[in-house]
Every structure is written in C-alpha cells, then in structure tokens.
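# A look at the structure
Letter by letter, the chains look like this.
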Amino acid sequence: MDFEQIENKIVEQLKAGITYAKTIETYAGQLETNINELPIQFPAIYTVYAGSQFDWVDGRSYKETCNYGVIVVAQNLRGKETLRKGVGSSYQIIMDVLTAIANKNFNLDIEKMKPVNVSLLFVSGIIAAYTIEFQTYFDKIY
C-alpha cells in the first residue's frame, strides 16, 4: 500500500460518482495562472497528496497517516449566488465529494477516509475554489 495508490482510487471514485464535473484529475498546478486564462473546464475537481505522518508501531512497522486535498472549482457567469448554490456550484460539488469519498476505503487495506476540513481556497466574481481535506492511515513496513 502506498499514498499514490490511494490518490488514484480517489480520482476513480470521483469520476464514477460526479459525472457532471468536466475535469477530474490530479492537481499539477492548473490553478497557478491568471483567472481569465485558466486552461480548465468547469466544474473542476483536483486531488493532491498533501503528505504523511509516521508513528512507529513495533519492529519495522509504522502507521502511516496520509493527508489528501480535494480542490473543487466552480465557475459561473450568471451571478455570485449561482456560483455558490445550485447544480455544479461549489456548495453542491463539496457535498458530492464528501458523499463520494467520506467513509470509503476503496477496497484497499486502509482505514476509511475521514473528512477533516473544508476551507475556502480562492473566490472571485467568476470562480470559487474550496479544499476538502481527507485523512486515512494504514500499517506499512519500511
């Protein structure tokens, strides 16, 4: 088991469960540009491995706690209220991501994905981006 396998399963689960999203992929800096020049299709969902903590269990065994972020980005040119509420809105995507990921282990030998935090990443007149943080753990020998 490793953190990359889990990240891949998160992407698969999101693609299967949130069919209205036009972009679902691993985050690789797609939002690091001028808002008006964003090369993405909305609504967009990105996953990112955010790091691990290790707790020694015994012998060579460790409990690895993995943290993931799911970035949801909604765009709306019809007004700020619709940007936050309605189908394809940031609020709807947040709820759908929580439903798709929370308490799932994706048939892997990991603890169920625990939602940890939802926070605003960025908001403008035309897009809103939120990060949903998840955590899981598993035993690993190094």
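This section reports on the structure supplied with the text. (Residues numbered from 1 in each chain as written. Predicted model: local features only at pLDDT ≥ 70, side-chain atom pairs only at ≥ 80, totals over all residues. Heavy atoms only, no water.)

### What to know about the side chain of T23
Rule in force here: Helix and strand assignments follow DSSP, with helices taken as H or I runs no shorter than four residues and strands as E runs no shorter than two, numbered in order from the N terminus. Working definition: with a 1.4 Å probe on protein chains only, accessible area under 20% of the residue-type maximum means buried, over 50% means exposed, and in between means partly exposed. By definition, residues are in contact when any of their heavy atoms lie within 4.5 Å.
Here T23 is to be found in strand β1 (residues 23–26). Its relative accessible area of 10% is what places T23 among the buried residues. Once you skip the residues sitting within four places of it in the chain, T23 turns out to touch Q41, P43, A44, I45 and Y46.

### Considerations on helix α1 (residues 3–17)
Here is the rule: What a helix is expected to span follows from its residue count: subtract one and scale by 1.5 Å. What the arc measures is the spread of directions leading from the helix axis to the C-beta atoms.
With 15 residues, α1 extends 21 Å between its outermost C-alpha atoms, agreeing within 8% with the 21 Å of an ideal straight helix rising 1.5 Å per residue. The complete set of buried residues in α1 reads I6, E7, I10, V11 and L14. All buried residues of α1 fall inside an arc of 140° around its axis, so they share one side. Summarising the contacts, the buried residues of α1 are in contact with β1, β2 (44–58), β3 (61–75), α3 (90–101) and β5 (127–141).

### Quick word on the pairing of β5
For clarity, the threshold we go by: The pairing criterion is simple: DSSP has to find at least two bridges between the two strands.
In this structure, β3 lies alongside β5, joined through 15 bridges in antiparallel fashion. Paired with N67 across the strands is Q135, a residue of β5. In this structure, strand β4 (residues 114–123) lies alongside β5, joined through eight bridges in antiparallel fashion. Directly across from V123, in β5, lies its bridge partner A128. Joining the antiparallel neighbours β4 and β5 is a turn of three residues.

### Observations regarding the nonpolar core
In summary, soluble globular proteins display a tendency toward joint burial of nonpolar side chains. We count it as follows: The term nonpolar core refers to a set of buried residues drawn from Ala, Val, Leu, Ile, Met, Phe, Trp, Tyr and Cys, joined through side-chain atoms within 4.5 Å.
Grouped together as the largest cluster of nonpolar side chains are 28 residues, with contacts concentrated most on L14, I45 and V97. Breaking this core down by element, the ones donating at least two residues are α1, β3, α3 and β5. With ten residues, the next largest nonpolar core counts L31, F42, A44 and Y46 among its residues.

### Observations regarding α3
The end-to-end C-alpha distance of α3, which contains twelve residues, comes to 16 Å, matching closely the 16 Å that a straight helix rising 1.5 Å per residue would cover. Taken together, the buried positions of α3 are S90, I93, I94, V97, A100 and I101. All buried residues of α3 fall inside an arc of 130° around its axis, so they share one side. Opposite the buried face of α3, by more than 90 degrees, sit the exposed residues M95 and T99.

### Brief notes about unusual backbone geometry
The step from F42 to P43 runs through a cis peptide bond, and the omega angle for that step is -5°. Residue position: P43 is located in the loop between β1 and β2. One non-glycine residue, F106, adopts positive backbone phi at about 55°. With respect to the element layout, F106 can be found in the loop between α3 and β4. Here the phi dihedral of N107 falls at roughly 60°; this positive angle occurs in a residue that is not glycine. Inspection of the secondary structure puts N107 in the loop between α3 and β4.

### Quick look at the side chain of Q30
What counts here: The term polar contact refers here to a pair of N or O atoms within 3.5 Å; inside protein, the definition further demands a hydrogen-donor-capable atom paired with an acceptor-capable atom, and it admits residues adjacent in sequence only when both atoms are side-chain atoms.
Here Q30 is to be found in the loop between β1 and β2. At a separation of 2.7 Å, a polar atom in the side chain of Q30 contacts the side chain of E25. Polar side-chain contacts of Q30 include one of 3.2 Å to the backbone oxygen of T26.

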